Amino acid sequence: MEGRTPDDIPKLWEATLRSNPKGLDSGATFHPERPNELVPPSLPPHSEDGTIRAKREHVDPPPSVATPPGYAIQTELGRGGMGVVFRAKQDSLDRVVALKEVVIDHPDAVSRFESEALITGRLEHPNIVPIYDLVAVPGGSLAISMKLVRGTVWSAMLHPATEAERAAAAGHDFEARLRVLLAVTNAVAFAHSRGIVHLDLKPANVMVGEFGEVLLMDWGLAVLFVDAGGEEPSKRRLPHKSSLASPCGTPSYMPPELALGAHEDIGPRTDVFLLGAILHELLTGEPPHRGANVLETVANAARGQQPIFASDVPTPLQDICRKAMAAKVADRYASVTDFQQALQRYLRNRESVTLSSAAVRTLESADRKAAEANPGTETALRNAVYARYADAFAAFRQALVMWPENVDAQRGAQKSARALAAFALLHGDLGLAEAQLARLDASQPETKALASSIQNVQALRDSQARTARRTRLGLFGALGALVVLLTGGAVLLHSQAARTQAAATLAEAQLERVRRLADLKRLQDLTASAAKLWPATPERVPEIEAWLASANELVGRAPMHRHTLDDLRTREGHRDGEGRWHFDDEATQWEHDTLSTLDEGLTQFQAVQVAEVSRRLAFARTVRAVSIDQHREAWQHTIEAIAASPKYGGLQITPQLGLVPLGMDRESGLFEFAHLETGIPPQRAADGKLAIDESSSVVLVLVPGGTFWMGASPKGRSDGSPGNRDPDATSIEAPVHQVTLAPFFISKYEMTQAQWVRVTGTNPSVYSIGQRQGDRPITGLHPVEQVSWSESSQVMTRLGLVLPTEAQWEYAARGGTSTIFWTGDDERSLVGAANLADEYGKTHGGPASWVFISWLDDGNLVHGPIGSYRANGFGLHDTAGNVWEWCQDRYGPYTLGVAPGTGERLVTDNPAHVFRGGGFRASTVHAKSADRYGLYAPDFRGFDIGLRPARDLEP
């Protein structure tokens, strides 16, 4: 940008603005090859019927368009300055598409339109609209055939103007908006990996689909920012940033380099600025640059002024936005990924932010209460103020335990302690005021001033005490008035001493009450936050250490609280016949009950939470060493073998934290891994099989990614190819559809009772360890059951695991098959492979309500030990029968889309979660690979419902 300044804007933009009247939309796009045109947002807000409403202000109506061969135009969806978008029917494939035709009568318009199609065509990504074809239109023009996306333009959701837009925006809270922005960053990062920058990022170019999918649109300004060296030569050259000879972009969002037309500075950090500008709009409600007219808006953009935020905008988000929108290109995030990770860190730490925001409100409430009090106010009001300040301080401290870098919490903790000290000083509670000084940063001017004030008040009291002593001594020299003066002096001295002692006692009592209230709140908060300190990874060590430091500090005050409790009981309490403590007045009873609750809670807290988090910390500190460092040779061998295996198609993996390689299963050809946090890695016997016992860890199978046909129907697959045909399939298993999955881990076995007990300390199972069912003992190798979806999901999160999605489950359960059962189409093929309601169950006490299968004898009345039955093609046991298994997804029809990579069903409402696979009391119907159930709420527990852990493959 050397040699160009905002003062050059009028000359730079003279041609661009020549035909534009004052007050044009600064949210419209300027195109460098059409300097006399203002291009409005190409995807304006939707109408109430879901189609795009054209925005026509200050733009002449485009000429009529011709229909390309092979397409039938149905209706117009919207118009922009460069093209018009239609809903059209593609005759060759009998499908509905979006058809965008160029309508600008300009020598370079067709070539630019062609470039947009070529750029978008090379960007195959879930967050970018797929291009189907570039077709010629009679008369020499072009049209782009692309996927028809049903949804709402994001800008309409951010600023709804119609009832339809307000309905689409319902529930689109700030966190949901950040999620949309993160999806946009995925698309932009992918484009950058292909050497392409977008240059016109804004909410008006983002579509949010009916099922939450996010698509980045309008690549009309996109250019290559790197040379195309190494690529095969093409007749069609893509535009390069060096071709941008004039300013371009959307004035209200653009960075300085676009406003000044400095193409040499254009690159990935240009898009980073634009993403920061979108974040600015999410935080403030409007884009960053404004002006009385377009020229003034562009001049403001060229200056690169830092944004100003309201005080209620979280500081971390302010910092992210300012860094992304730095005027100097080098001062911005180095990549979109860095910007994305900063937002993700904020989302991970939002609970800390939420807690500190609540603490701010508590602090403001304390300030208001403090303003109502005066030095002569009653004790109850003063104590209420003390308690609120203490609550605020405790909440800020807890927010810092959750996220030590929370700047708002750091400032809030200092402010609340300082306010408490000042209030105590004002009301003569010197002991309480001095106690706060230890919490404050001694280097701050406010702290120094407060310390000086406390010293002055203390000096004044000392002076008054010395004056009283001198007065008393002087009385002895006045013999004539000895009796009178001595009597008066004694009264004065006694009065002063009494007041001093009373003030000290009151301060101590108030401090004790504040400590009790604050410690009770801290106990509750620390107990709640302990459940969130998962998984135990090296990255969480500082957070866990901070939690333990705070917890140990709290536990260290337990003897003080216990002493106070014992003293209170000795002085004023008496027990009833049932051993309960009673006190004569209500206030003392409340004080005792509070102390008793605190004392019992701290004892339990130390024995359970502190002990557990200490173990968690030990694991987090050593997990890298015991899972990776100590097994480097095994990992290297495994990585090379997976890359060479035809099963995985050249998959390249890295060592996975917390896992240990167990080698390849000889029968499946897939590689297996032990999950260290759940037990001891099992060893392979001479026959290559794993020797599993109650101490064994969860064994995860690395399942290769791929595309498979999911579901079943009487007609089978839609393309007529064999497979997935089941004459008795129900409508909920259809339509049969293809799902593409990334590689993932899934457990070889159902989770056992022994593993669940090791992790949680409890066994919820109805048929639990030590019982006998039929003539079979229940051991720790039996699957855990009677666990809800919510509980299962929570425990998986603790372990860095997940529940498999329904698509992952079916893909893994099929083990490469497409038959009715993974064992074949004949139900009798299940013999030796499934545990269902069978003849053994009928003769060994099975309830009459069960429908028993006469030709099957699986040897178990209820669930059997894991691995009792033969494995499928992926080496997984018990995917038919034994216990049902929870899946991650909520139950939804197969007409809904799925998330890329995981295949999670994109369900918009709130139905029950899915469980799969059948249980020991099920019939063969539920042993089908496509059978699915979703009847119960997340907290439902069943004596035949368990889980099979899964895990994402770390990059």
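Structure: above.
A quick note: this is a predicted structure, and the numbers were derived from the prediction, not measured.

Conventions used here
Residues numbered from 1 in each chain as written. Predicted model: local features only at pLDDT ≥ 70, side-chain atom pairs only at ≥ 80, totals over all residues. Heavy atoms only, no water. Core = buried A, V, L, I, M, F, W, Y, C linked by side-chain atoms within 4.5 Å. Buried < 20%, exposed > 50% of the residue type's maximum accessible area, 1.4 Å probe, protein only. Helix = DSSP H or I, 4+ residues; strand = E, 2+ residues; numbered from the N terminus. Pairing = 2+ DSSP bridges. Salt bridge = Lys/Arg side-chain N within 4 Å of Asp/Glu carboxyl O. Axes fitted to C-alpha atoms, helices over the stretch in contact; angles between N-to-C directions. Parallel < 35°, antiparallel > 145°, perpendicular 65-115°, else oblique. Left-handed = near helix turned anticlockwise from the far one by under 90°. Contact = heavy atoms within 4.5 Å. Expected span 1.5 Å × (residues − 1). Polar contact = N/O pair within 3.5 Å; in protein donor to acceptor, adjacent residues only side chain to side chain.

**Q** For this particular structure, what's the right way to read the nonpolar core?
**A** With 73 residues, the main nonpolar core has Trp547 and Phe605 as its most contacted residues. With 9 residues, helix H20 (residues 586-627) is the largest single contributor of residues to this core. Core analysis: the next-biggest nonpolar cluster, separate from the first, contains 53 residues, Leu279, Leu283, Leu347 and Trp403 among them.

**Q** How do you make sense of the sheet that holds strand E25 (residues 945-946) when you look at a structure like this?
**A** The strands making up a sheet are joined through hydrogen bonds of the backbone, oriented either antiparallel or parallel. Spatially, the 3 strands line up as an open sheet ordered E24-E23-E25, and their pairing is mixed. Either end of the sheet is taken by a strand with one partner, and the two such strands are strand E24 (913-916) and E25. Here 3 bridges tie strand E23 (residues 884-890) to E24, and the two strands are oriented antiparallel to one another. The partner of Glu885 across the bridge, within E24, is Arg916.

**Q** Looking at this structure, I do not really get the pairing of strand E5 (residues 141-146). What am I missing?
**A** Taken residue by residue, a regular strand's side chains alternate between the two faces of the sheet. A large share of E5 lies buried, amounting to 6 of its 6 residues. Every second residue of E5 is oriented toward a common face, with Ser141, Ala143 and Ser145 on one face and Leu142, Ile144 and Met146 on the other, all of them buried. As paired elements, strand E4 (residues 131-137) and E5 share 6 bridges and run antiparallel to each other. Pairing of Ile131 across the sheet is with Met146, part of E5. Hairpin connection of E4 to E5: 3 residues between the antiparallel strands, including Gly139 at a positive phi of 105 degrees.

**Q** Honestly, the pattern of salt bridges in this entry has me stumped. Any pointers?
**A** Here the idea is simple: oppositely charged side chains can pair when their charged atoms come close. Counting across every chain of the model gives 35 salt bridges. Residues Arg941 and Glu791 are paired through a salt bridge, measuring 2.5 Å at the closest nitrogen-oxygen approach. Taken together, the residues Arg941 in the loop between E24 and E25 and Glu791 in helix H23 (residues 789-798) connect sequence positions 150 residues apart. You can call Arg941 partly exposed: its relative accessible area is 37%. Measuring nitrogen to oxygen at the nearest pair gives 2.7 Å for the salt bridge that ties Arg932 to Glu806. Placement of Arg932 in the loop between E24 and E25 and of Glu806 in helix H24 (residues 806-814) is noted, with a sequence separation of 126 residues between them.

**Q** What exactly am I supposed to notice about the sheet that holds strand E13 (residues 659-664) here?
**A** Taking strand neighbours across the sheet as the criterion, the 5 strands line up as E13-E14-E17-E20-E26 in an open arrangement whose pairing is antiparallel. Every interior strand has two partners, whereas the edge strands, E13 and strand E26 (950-952), have only one. For this sheet, the mean angle separating the axes of adjacent strands, direction not counted, is 30 degrees. By the bridge criterion, 4 bridges tie strand E14 (residues 671-675) to strand E17 (residues 698-703) in an arrangement that is antiparallel. If you follow His675 over to E17, its bridge partner there is Val698.

**Q** Which parts of the structure should I look at to understand the packing of helix H8 (residues 268-284) against helix H11 (residues 336-348)?
**A** For any two helices packed against each other, one specifies the crossing angle of their axes together with the interaxial distance. Two numbers describe how H8 lies on H11: the axes approach to 9 Å, and their chain directions differ by 25 degrees. Our classification of the angle between H8 and H11 gives roughly parallel. For H8 against H11, the interelement crossing comes out right-handed. Residues Val272, Leu275, Gly276 and Leu279 of H8 form the contact with H11, whose participating residues are Val336, Phe339 and Leu343.

**Q** Where do I start with helix H14 (residues 407-426) in this structure?
**A** For H14, built from 20 residues, the straight-helix expectation of 28 Å at 1.5 Å per residue is met to within 8% by its first-to-last C-alpha distance of 29 Å. Every buried residue belonging to H14 is among Ala409, Gly412, Ala413, Ser416, Ala417, Ala419, Leu420, Ala421, Phe423, Ala424 and Leu425, and all of these are buried. With a side-chain oxygen lying 3.1 Å from the backbone nitrogen of Asp408, the N-terminal cap of H14 falls on Asn406. Gly428 sits one or two positions beyond H14 and adopts a positive phi of about 80 degrees.

**Q** Could you clarify how one ought to interpret the side chain of Lys100 in this entry?
**A** Counting through the fold element by element, Lys100 comes out in strand E3 (residues 95-102). In terms of polar contacts, Lys100 uses its side chain to reach the side chain of Glu116, at 3.1 Å.

Honestly, that's just the spatial picture; any functional story needs more than this.
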